[in-house]
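Descriptive analysis of the structure
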Amino acid sequence: MSIDYSDKIPNNVGLDDNRRLQRALEKWQPAYLEWWDSLGPAKSTTMDVYLRTAISVEPGGWAHFDHVRMPDYRWGIFLAPEEKDRRVNFGRHKGEAAWQDVPGEYRSELKRLIVTQGDTEPASVEQQRHLGLICPSLYDLRNLFQVNVEEGRHLWAMVYLLHAHFGRDGREEAEAMLERHSGDPDKPRILQAFNEKTDDWLAFFMFTYFQDRDGKYQLASLAESGFDPLSRTCRFMLTEEAHHMFVGETGIGRIVQRTAEIMAEHKTDDVRPLGVIDLPTIQKYLNFHYSICLDLFGQELSTNSANYFTMGLKGRYQETRIDDDHLLADSVYAIPEIRGGDIASIEAPALSSVNERLRADYILDSQRGVDRWNAILEKAGIGYRLTLPHIAFNRGIGVFAPVHATPDGRIIDDAAWNRDREQWLPSEGDRAFVASLMHPVMEAGKMAHWIAPPAKGINGQPLDMEYVRFN
Ligand SMILES: [Fe+2]
Ligand SMILES: [Fe+2]
């Protein structure tokens, strides 16, 4: 189904036929635009950006590329096509027809899931607000804005569900999405990783690699939901998430590439004076972003998650491809435990361990990009290797929260942690150094010195195209 951009709110959900819902969303729209204006990308209102816009949700044919004036970007509501005869595929309702309306008994749980997901979307836009002012190239500036407008659309997706299915308290939750702000001491975003700063482009690429990947895993497990509108909206959001992770993976890859080139050329590890980011600093940023993202999956043992699963609201990653009973009544799963200063593994009910399982899927997926960055180092003849730190490192949630651990997974005391933490996590000096490299490069085809050019341009366009035009 193609999308009519002459509508005030472009959509494929038949908004024209539901006047009440249309009016409610049209009432929310100005508040959203005001939020975008004050907390979206700084100083972007005069820019024309080469953006991808959804014009249809059919596979293959949905993306349209053109220069768009940033304030004229049209956010809309798109659901993936309905799957015929879709069923609830797990939990106690397994085999029943998927729900088109919210089941009354699960209303508050579903709302909580949608609000928690929805809150992350505008949070990331707020976190990335100032990055455009220090972009390493027009190509990167365009990618930043592409990510930002899509996160804005993801908020629309969740707000649509709240308005369409949760009545008055849904509308109140939609308003609250624009009232909480990333890092606000009084009204922070719900999840801690979405209150952290993203002040430089190394942090941005780590964010889109690790934090957007958390998004992928959350959306994928919500895409399994028995509540069909949630499933359909998450399936379409996932098509956009892939690009965000691409931005992160290739961004870090290009930084690693540039550093490796300079190291090889000058035969030195001491590259800061040469204006590129040293590998240990890249590792520290990786340690930070990865560990705060592990927290996003929650407690190893979780009654809430067990309930979401049994209720059929949130499944496991690729639930329908897993070969088991999809009820998890009697099965077990290995979860970590701290025993006498060591990390052990115990068997726990699989039903209570779905968070841990999702985290394990995420860890496997995170490793792939690290391997590709290491391949760049290997090719350049550099011996250094980037690694994912141990699951116990720098954790704020779950069994590891009360202890300190090294990146290789040794439990250490407070004194050792305080003495060595700056070897493992970015220090103020590290952040100041990275910040010192962040000068805007806004000439078509030019790149900042500390990052290699990408392998190719956007949508088959040349690298020196004017991806962003200034008016
Ligand atoms: Fe998103
Ligand atoms: Fe994303």
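For the structure given in this document, a descriptive report is provided here. A quick note: this is a predicted structure, and the numbers were derived from the prediction, not measured.

Within the protein chain, the secondary structure is distributed over 11 helices and 7 strands. The C-alpha radius of gyration of the protein chain comes to 23 Å, within 12% of the 23 Å expected for a compact globule of 471 residues. The proportion of buried residues among the 471 residues of the protein chain is 45%.

Turning next to unusual backbone geometry. Peptide bonds are trans in most cases, and residues, glycine excluded, mostly fall at negative phi. Phi at His326 is positive, roughly 60°, even though this residue is not glycine. Considering the arrangement of structural elements, one finds His326 in the loop between helix H8 (303-311) and strand E3 (332-339). Judged by local crowding, His326 falls into the partly exposed class, with 19 C-beta atoms found within 10 Å. Positive phi outside glycine occurs at Leu328, with the angle close to 60°.

To continue, consider the sheet that holds strand E2 (residues 63-69). In space, the 3 strands of this open sheet follow the order E2-E1-E7, with antiparallel pairing throughout. Each edge of the open sheet is held by one strand with a lone partner, namely E2 and strand E7 (468-470). On average, each strand axis in the sheet is tilted by 30° relative to the strand beside it, whichever way the strands run. Alignment of strand E1 (residues 47-54) against E7, held across 3 bridges, turns out to be antiparallel. Bridging across to E7, Met47 finds its partner in Phe470. Contacts between helix H3 (residues 138-165) and the sheet are confined to E1 and E7, with E1 contributing the most and set at about 50° to the helix.

Another aspect to go through is the environment of Tyr209. Here Tyr209 is to be found in helix H5 (residues 201-222). Those residues in contact with Tyr209 that lie beyond four places of it in its chain are Met245, Gly248, Glu249, Ile252 and Gly369.

The next point concerns the packing of H3 against helix H6 (residues 228-266). With their axes 10 Å apart at the nearest point, H3 and H6 run at an angle of 170° to one another. Judged by the angle between their axes, H3 and H6 are roughly antiparallel. Crossing of H3 against H6: the hand is left-handed. Every residue of H6 that contacts H3 at Asn143, Gln146, Val147, Glu150, His154, Ala157, Leu161 and His165 is listed here: Pro229, Leu230, Thr233, Met237, Glu240, His243, His244 and Val247.

Counting 112 residues, the largest nonpolar core has Val159, Tyr160, Leu202, Met206, Ile255, Val256 and Ile282 as the members making the most contacts within it. Among the elements that make up this core, the one with the highest residue count is H3 (16 residues). Those residues in contact with Leu202 that lie beyond four places of it in its chain are Ile255, Ile277, Ile282, Tyr285 and Val434.

In this section: the pairing of E3. The sheet contact formed by E3 and strand E4 (residues 342-349) spans 8 bridges and is antiparallel. When the sheet's bridge partners are listed, Glu337 is paired in E4 with Ala344. Here E3 folds back onto E4, and the loop between the two strands holds 2 residues, one of which, Gly340, carries a positive phi near 55°.

This part is about the environment of Pro103. Relative to the assigned elements, Pro103 resides in the loop between E2 and helix H2 (107-127). Take Pro103: there are 17 C-beta atoms within 10 Å of it, and that puts it in the partly exposed class. Once the C-alpha coordinates of Pro103 and Gly226 are considered, the two residues, 123 residues apart in sequence, prove to be 9.9 Å apart.

What follows concerns the environment of Leu162. Checked against the element boundaries, Leu162 lands in helix H3. Residues Leu162 and Glu172, spaced 10 residues apart in sequence, show a C-alpha to C-alpha distance of 8.9 Å. With residues near it in sequence (within four places) discarded, Leu162 still touches Ile114, Gly170, Glu173 and Ala174.

Turning to the packing of H2 against H3, a few remarks are in order. In the contact formed by H2 and H3, the axes pass within 8 Å of each other and the chain directions differ by 155°. By the criterion of interaxial angle, the relationship of H2 to H3 is roughly antiparallel. For the element pair H2 and H3, the recorded crossing hand is left-handed. Residue-level contacts link Ile114, Gln117, Gly118, Glu121, Pro122, Ser124 and Val125 of H2 to Asn148, Glu151, Gly152, His154, Leu155, Met158, Val159, Leu161 and Leu162 of H3. Considering only residue class, the contact of H2 with H3 consists of 8 nonpolar, 6 polar and 2 charged.

Cut-offs and rules
Going along each chain's sequence as written, the residues are numbered from 1 onward. Chains carry letters and ligands carry numbers; both start at the beginning, A for chains and 1 for ligands, and go up in the order they are written. Since the coordinates come from a predicted model, pLDDT governs what is reported: local features require at least 70, and pairs of side-chain atoms require 80 or more to be given and counted, while whole-chain, interface and lining totals use all residues. Helix and strand assignments come from DSSP, with helices taken as H or I runs of at least 4 residues and strands as E runs of at least 2, each series counted from the N terminus. Note that the radius of gyration is over C-alpha atoms, with the globule rule given as 2.2 Å times the number of residues to the power 0.38. Exposure criterion: with C-beta atoms placed from backbone coordinates, a residue whose C-beta has 20 or more other C-beta atoms within 10 Å is buried, one with 12 or fewer is exposed, and one in between is partly exposed. Here, strands pair whenever DSSP counts at least two bridges between them. Only the contacting stretch of a helix is used when fitting its axis, a line to C-alpha atoms as for every element, and angles between N-to-C directions run 0 to 180 degrees. Each residue gets a C-beta atom placed from its backbone, and two residues are in contact if those atoms lie within 7 Å. For classification, angles of less than 35 degrees are called roughly parallel, those exceeding 145 degrees roughly antiparallel, those between 65 and 115 degrees roughly perpendicular, and all remaining angles oblique. Crossing handedness is defined as follows: a turn of the near helix away from the far one that is anticlockwise and smaller than a right angle gives a left-handed crossing, while the clockwise case is right-handed. Buried Ala, Val, Leu, Ile, Met, Phe, Trp, Tyr and Cys residues whose C-beta atoms connect them within 7 Å together make up a nonpolar core. Gly falls in the polar group here, along with every residue not listed as nonpolar (Ala, Val, Leu, Ile, Met, Phe, Trp, Tyr, Cys, Pro) or charged (Asp, Glu, Lys, Arg).

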